[in-house]
Amino acid sequence: FNNGNVSEMKNITQLVLERESVCSTAIGSEVALPHCRTADVEYPMAACAFVATGESIDWDAPDGQPVRFIFLIVSPLKNPNMHVEAMKSITTFIMKPGFLDGLEEAAREHKAFNYLHDSYTDSI
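Bear in mind the structure is a predicted one, so any value in this text is a computation, not a measurement.

Colleague: Lay out the side chain of S24 in plain terms, naming residues and giving numbers.
Modeller: Here S24 lies in the loop between helix 1 (9-22) and strand 1 (26-28). Assessed through its relative accessible area of 18%, S24 is described here as buried. Separated by 3.4 Å, the side chain of S24 and the backbone oxygen of D60 make a polar contact. Not counting residues within four places of it along the chain, the set of residues in contact with S24 comprises W59, D60 and A61.

Listed below in structure tokens is the structure:
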């Protein structure tokens, strides 16, 4: 990511894998929040991925559930507060009743971006 463009994905992938080796970033309820901080970005960025219905990934979650929703967070190295705030924002959405179900439905309809955008816009 370089000002919104993916340019250092190899470095980001390595940082995320290093973080994951410390402790699983699965948080339960079929959600994982892999994350890292890097000098390759100037502001927090997030990406989300979905595992197909009926499929899952063993991610060593505390509740023993496999993962179906993955939210990658990449934040600037120079500002740890931005990382904390990005994590807090995403977990706030994830915890809202019905959010993940709505996101899954939107993904099936190829409207996940709109769903995420509208959810964020409605919260500010």
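Colleague: I'd like to hear about the side chain of H83, residue by residue, with values.
Modeller: Along the chain, the position of H83 falls in helix 2 (residues 80-95). Its relative accessible area of 10% is what places H83 among the buried residues. Those residues within four positions of H83 in sequence are excluded, and the remaining contacts are H35, C36, R37, I73 and S75.

Colleague: Give a description of the layout of surface pockets that names residues and reports values.
Modeller: Here the largest pocket defines a volume of roughly 520 Å³. What lines the largest pocket is a set of 18 residues, among which A46, I90, F93, L116 and Y120 lie closest to the centre. Elements supplying a minimum of two residues to the lining of the largest pocket: strand 4 (45-50), strand 5 (69-76), helix 2 and helix 4 (112-123). Of the residues belonging to the lining of the largest pocket, the class tally is 14 nonpolar, 3 polar and 1 charged.

Colleague: Mind laying out helix 3 (residues 99-108), listing which residues take part and the relevant values?
Modeller: Those residues of helix 3 that fall on the buried side of the exposure criterion are F99, L100, G102, L103, E104 and A106. Where helix 3 is buried, its residues meet strand 2 (31-32), strand 4, strand 5, helix 2 and helix 4. Following helix 3 by one or two positions, H110 adopts a phi angle in the positive range, close to 60°.

Colleague: Account for the packing of aromatic side chains, with residues named and values stated.
Modeller: Scanning the entire structure with this criterion turns up 3 aromatic pairs. The interplanar angle of 90° and the centroid separation of 6.3 Å between the aromatic rings of F50 and F69 together place this pair among those described as edge-to-face. With F50 in strand 4 and F69 in strand 5, the pair connects residues that are 19 residues apart, well separated along the chain. Among the residues examined, F69 registers a relative accessible area of 4% and is labelled buried. Put simply, the rings of F93, F99 and Y115 touch in pairs and so form one group of aromatic residues.

Scoring rules and cut-offs
- Residues numbered from 1 in each chain as written.
- Predicted model: local features only at pLDDT ≥ 70, side-chain atom pairs only at ≥ 80, totals over all residues.
- Heavy atoms only, no water.
- Helix = DSSP H or I, 4+ residues; strand = E, 2+ residues; numbered from the N terminus.
- Buried < 20%, exposed > 50% of the residue type's maximum accessible area, 1.4 Å probe, protein only.
- Polar contact = N/O pair within 3.5 Å; in protein donor to acceptor, adjacent residues only side chain to side chain.
- Contact = heavy atoms within 4.5 Å.
- 1 Å grid on protein atoms, 1.4 Å probe; cavity = no way out; pocket = protein on both sides within 12 Å on 5 of 7 lines; lining within 4 Å.
- Points joined across faces, edges and corners; volume = space filled by probe spheres on them.
- Nonpolar A, V, L, I, M, F, W, Y, C, P; charged D, E, K, R; others polar.
- Phe/Tyr/Trp six-rings, centres within 6.5 Å; stacked < 30°, edge-to-face > 60°.

Remember, this is a structural readout, not a statement about activity or role.
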